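Breakdown of the fold
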Amino acid sequence: MIRRLLGLALVAMVALSPLAPAGADDDIERGLSVPGAPELFFHRADGRSAIYETHHSGNLARVRLARNWGRDWTHVVPVELDGDAATELFFYNSADGLHAVRDVDASGQISDLTPPTPWTAGWDHVVALDIDGDTTSELLVYRSDTGARVFHDLASTGASSVINDSGGWASTWSHILPVELDGDSGVELILYRRTTGKRAIYNVHQSGALAAILTAGGWARNWSHIVPLEIDGDAGLELVFYRNDTGKRAKYHVHPSGAVQLIPLAGKWARNWTHVVPVELDGDTRDELLLYRADSGKRAVYDVHTSARLILLRKVGRYARDWQTISAAELS
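In this text the structure is predicted, and so the values were computed from the model without any measurement.

Comments concerning the overall build of the protein chain
A tally of regular secondary structure across the protein chain gives two helices and 24 strands. Carbon and sulfur atoms make up 50% of the accessible area of the protein chain, which amounts to about 13400 Å² in all.

Given below as structure tokens:
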């Protein structure tokens, strides 16, 4: 559940479309998408959006080109509201506080559950998670300038209600990752501050209260991306760290205690990837990685070996430029 809500990813569009290489629709006709594999949601600030099926080769097959999501959403977050294992989408604009909740059917058709409605402005983190084990989503919202944070429950109608808004956290956390460390179906949170390398790991109670698991020490500074993924099939957690200014990367296994163990990984990646997205393409319960550059549309898709070695699946062609949000989720 947590992995499905976090995930982000990409692939290709129709031959006549400027957004993708040729052959994408052919994948649908040949039935190449993997049963149970996620779809990919693309959105950018001008309101353009697209939804694609995924294929184990790293190709995409078009589901629906949606142009009615609206402009200027700063966050598009996959959520699960009604227990049907298919995804709804939570939209939020940090500048004016508007939010909307929309259902997405298996064909990619979007319908409003909650039309654009005023909410609190200024949240720069909007994180879907499951803190009570009922398989439906709650939302954590956080402001890095003040440390303010609120946990919200989401009803099947899309309506939100506050679970916990008492107090706040330290300010300037740059990364907030909901993860599963200890196999109890609950959720833990990893918080990281890019400027200092400080990190904290918390267990989250269903009331929204936090209990520290590991807060001592820190990681290296200036990681631009920290991505939870599954690479060895043991249901444990691995983390990929990446610096887009240098291409430096690292991988760690995370113990239920919060301790981390380095998985050796030689070399670097290319610089300036803006999106590093885990997505399960081939049904083996292990994640693949999608890398994308918003300025050029360049993308690459890699399989991740249990040794942490990367195996290129697809690098041909590009996506459209300037996608702001790329999310992996399940329509059907």
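Things to note about the environment of Thr74
Along the polypeptide, Thr74 turns up in the loop between β3 (60-64) and β4 (75-79). Taking the C-alpha atoms as reference, Thr74 lies 9.9 Å from His125; in sequence the two are 51 residues apart. Side-chain polar atoms of Thr74 contact the side chain of His75, separated by 2.8 Å.

Looking at the packing of aromatic side chains
Considering all chains together, one arrives at 16 aromatic pairs under this definition. A ring pair is formed by Trp219 and Phe241, whose centres lie 5.0 Å apart and whose planes are at 80 degrees; its orientation type is edge-to-face. Residue Trp219 is found in the loop between β15 (210-214) and β16 (225-229), and its partner Phe241 is found in strand β17 (residues 237-242); the two are separated by 22 residues along the sequence. In this structure Phe241 comes out as buried when scored by relative accessible area, which is 0%. Three or more aromatic residues joined by ring pairs form one cluster here, namely Phe42, Tyr52, Tyr292, Tyr319 and Trp323. The ring centre of Phe91 lies 4.9 Å from the NZ or CZ of Arg102, which sits over that ring.

Topic: the environment of Leu139
Relative to the elements of secondary structure, Leu139 occurs in strand β9 (residues 138-142). If sequence neighbours within four positions are ignored, Leu139 has contacts with Val79, Phe90, Trp119, Val126, Val127, Ala128, Leu129, Val150, Phe151, His152 and Leu154.

Remarks on the sheet that holds β9
By definition, the strands of a sheet pair up through backbone hydrogen bonds, in either a parallel or an antiparallel sense. Reading across the sheet, the four strands line up as β8-β9-β10-β11 and stay open at both edges, with antiparallel pairing between neighbours. Pairing within the sheet leaves two strands with one partner each, and these edge strands are β8 (125-129) and β11 (160-164). Direction aside, neighbouring strands of the sheet carry axes that sit 30 degrees apart on average. Sheet analysis places strand β10 (residues 149-154) next to β11, joined by four bridges and oriented antiparallel.

Details of the pairing of strand β19 (residues 260-263)
In this structure, strand β18 (residues 249-254) lies alongside β19, joined through four bridges in antiparallel fashion. Residue pairing across strands places Val254 opposite Val260, the latter belonging to β19.

Comments concerning the pairing of strand β1 (residues 39-43)
One face of the sheet, then the other: side chains in a regular strand alternate in exactly this way. The buried fraction of β1 is high, at five of five residues. Both faces of β1 are covered, namely the face carrying Glu39, Phe41 and His43 and the face carrying Leu40 and Phe42. Here β1 folds back onto strand β2 (residues 49-54), and the loop between the two strands holds five residues, one of which, Gly47, carries a positive phi near 95 degrees. In this structure, β1 lies alongside strand β24 (residues 325-329), joined through five bridges in antiparallel fashion. Counted as the bridge partner of Leu40 is Ala328 from β24.

Criteria and thresholds
Residues numbered from 1 in each chain as written. Predicted model: local features only at pLDDT ≥ 70, side-chain atom pairs only at ≥ 80, totals over all residues. Heavy atoms only, no water. Helix = DSSP H or I, 4+ residues; strand = E, 2+ residues; numbered from the N terminus. Areas by Shrake-Rupley, 256 points an atom, 1.4 Å probe, with all protein chains shown as cover. Polar contact = N/O pair within 3.5 Å; in protein donor to acceptor, adjacent residues only side chain to side chain. Phe/Tyr/Trp six-rings, centres within 6.5 Å; stacked < 30°, edge-to-face > 60°. Buried < 20%, exposed > 50% of the residue type's maximum accessible area, 1.4 Å probe, protein only. Lys NZ or Arg CZ within 6 Å of the ring centre and 35° of its normal. Contact = heavy atoms within 4.5 Å. Pairing = 2+ DSSP bridges. Axes fitted to C-alpha atoms, helices over the stretch in contact; angles between N-to-C directions.

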